[in-house]
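Coordinates in review
If you want the building blocks of each chain, they are given just below.
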Amino acid sequence: MRQPRGDNRGILDPERLRREVRFRRHLPGPALRRWVEHYWLIDWALSAPFAQQLVPHPAVNVVFQQSEGGPETAEIAGVGQRLFSITLTGTGRVSGIQFRPGGFRPFWRRPVAELTGERRPLAEVPDAARAAAASPADKGHCAGTDTERRRALDAFLTAWAPEPDPAATEAMTLAEAIRTDRGVLRVDDLARRHGISTRRLQRLFLDHVGVGPKWVIRRYRLQEAIERAAEGPPDWSALAADLGYSDQAHLVRDFTAVTGVSPTAYVRSLR
């Protein structure tokens, strides 16, 4: 049986995150799992501000949030290409939906690249706003037990009525191959393995994932480097070769450009 992802990919200082807030992942209802990676729930009650940074996945998220007992807000977050930083204060709750790369296209029904790097209030997206109004979430999507929140998110997505899209299925399959197959290090290799032209692969990813396949490959490999670094100082030269970087200096440049700190500085910050 499929389980929610248990890795820390994309989370900088995951141990501190789990000390400061309640973070967990749940699967959606069976009918929605073809498109949705997981739901992610966070609750917090902080005595001091807590700053968290994330290296975004190549995925769209829908995020419902309620802070300090105020009204619930909701937004669609396209694929983020830069480091994401947020500071939490006081009390609050988040119920998030992380779609599989390519899995948001049947809901959005337009090129997903339109959302890349953007965050749009759900109220400004007519189909999503109607789905939120139609779903039976009287207390909102952030209230209640985990089971109640999962049911509210299931109802919201079901009411959105995603349209079948064979190309989205193809994009999800290819993105999953990048994530799970360590041998995928170049776009032309991926295209050749799956019998698709490089040009069509590029178009497919921009339309359905929101970013190109080269970006997805580099992002997944960098996330793996960050996760490996959090486990203890690795052999950076061997890790660079393992992840398909031309040399250690290339990995260091990529790591520093995305996270804002060098690999060795990141490892020191965790100790």
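Description of the structure in this document. (Residues numbered from 1 in each chain as written. Predicted model: local features only at pLDDT ≥ 70, side-chain atom pairs only at ≥ 80, totals over all residues. Heavy atoms only, no water.)

**Topic: empty space enclosed by the protein**
Convention followed: Each cavity reported here is a set of points on a 1 Å grid over the protein atoms alone in which a 1.4 Å probe fits but cannot get out, each pocket an open set with protein on both sides within 12 Å along at least five of seven lines, and each lining residue one with an atom within 4 Å of a point. Grid points are joined across faces, edges and corners, and a volume is the space filled by probe spheres set on the points. Strands are runs of DSSP state E lasting at least two residues, helices are runs of H or I lasting at least four, and both sets are numbered from the N terminus onward. Polar here means any residue other than Ala, Val, Leu, Ile, Met, Phe, Trp, Tyr, Cys and Pro, which are nonpolar, and Asp, Glu, Lys and Arg, which are charged; Gly is therefore polar.
According to the stated counting rule, one finds 2 cavities of 30 Å³ or more in the structure shown. If you add up the space inside the largest cavity, you get close to 80 Å³. As for the largest cavity, its lining consists of Arg-5, Glu-37, His-57, Pro-58, Ala-59, Gln-98, Pro-101, Met-172, Ala-175, Glu-176, Arg-179 and Tyr-220. When residues of the lining of the largest cavity are assigned to their parent elements, the largest contribution, 4 residues, is made by helix α5 (residues 166-180). Lining the second largest cavity are Arg-5, Asp-7, Arg-9, His-57, Arg-179, Tyr-220 and Gln-223. Considered class by class, the residues forming the lining of the second largest cavity number 1 nonpolar, 2 polar and 4 charged.

**Side note on the packing of helix α8 (residues 213-230) against helix α10 (residues 248-259)**
This is how the line gets drawn: Interaxial angle, 0 to 180 degrees, is taken between N-to-C directions of lines fitted to C-alpha atoms, where a helix line uses only the stretch in contact. Under this scheme an angle from 65 to 115 degrees is roughly perpendicular, one under 35 degrees roughly parallel, and one over 145 degrees roughly antiparallel; angles in between are oblique. Here, two residues are considered to be in contact whenever any of their heavy atoms come within 4.5 Å of each other.
As a packed pair, α8 and α10 sit with axes 11 Å apart at the nearest point and diverge in direction by 90°. By the criterion of interaxial angle, the relationship of α8 to α10 is roughly perpendicular. On α10, the residues touching Arg-218, Arg-219, Leu-222, Ala-225 and Ile-226 of α8 are His-250, Leu-251, Asp-254, Phe-255, Val-258 and Thr-259. Class assignment for the residues of the contact of α8 with α10 results in 6 nonpolar, 2 polar and 3 charged.

**Section: the sheet that holds strand β4 (residues 61-67)**
Stated formally: DSSP-based pairing: two strands are paired if at least 2 bridges between them are found.
The antiparallel open sheet is built from 6 strands, whose spatial order is β1-β2-β7-β4-β5-β8. One side of each edge strand has no neighbouring strand; the edge strands of this open sheet are β1 (22-26) and β8 (119-121). Here the average twist between neighbouring strands, direction ignored, is 20°. Pairing of β1 with strand β2 (residues 36-45) involves 5 bridges; the strand directions are antiparallel. Pairing of Arg-25 across the sheet is with Trp-40, part of β2.

**Focus on the nonpolar core**
Rules: Buried Ala, Val, Leu, Ile, Met, Phe, Trp, Tyr and Cys residues form a nonpolar core when they are joined through side-chain atoms within 4.5 Å. The classification of residues rests on relative accessible area computed with a 1.4 Å probe and restricted to protein chains. Under 20% of the type maximum is buried, over 50% is exposed, and intermediate values are partly exposed.
Counting 25 residues, the largest nonpolar core has Val-62, Ile-76, Ile-97, Phe-104, Phe-156, Leu-157 and Trp-160 as the members making the most contacts within it. Elements represented by at least two residues in this core include exactly β2, β4, β7 (91-99), α2 (105-108), α3 (126-134) and α4 (146-160). Here this core gets 4 residues from one element, more than from any other, and that element is α4. Those residues in contact with Ile-97, other than ones at most four positions away along the chain, are Val-36, His-38, Tyr-39, Trp-40, Val-60, Asn-61, Val-62, Phe-64, Leu-153, Phe-156 and Leu-157. Core analysis: the second largest hydrophobic core is formed by 19 residues, Ala-171, Val-187, Leu-190 and Val-211 among them.

Everything listed here is a matter of geometry and, on its own, says nothing about what the molecule does.
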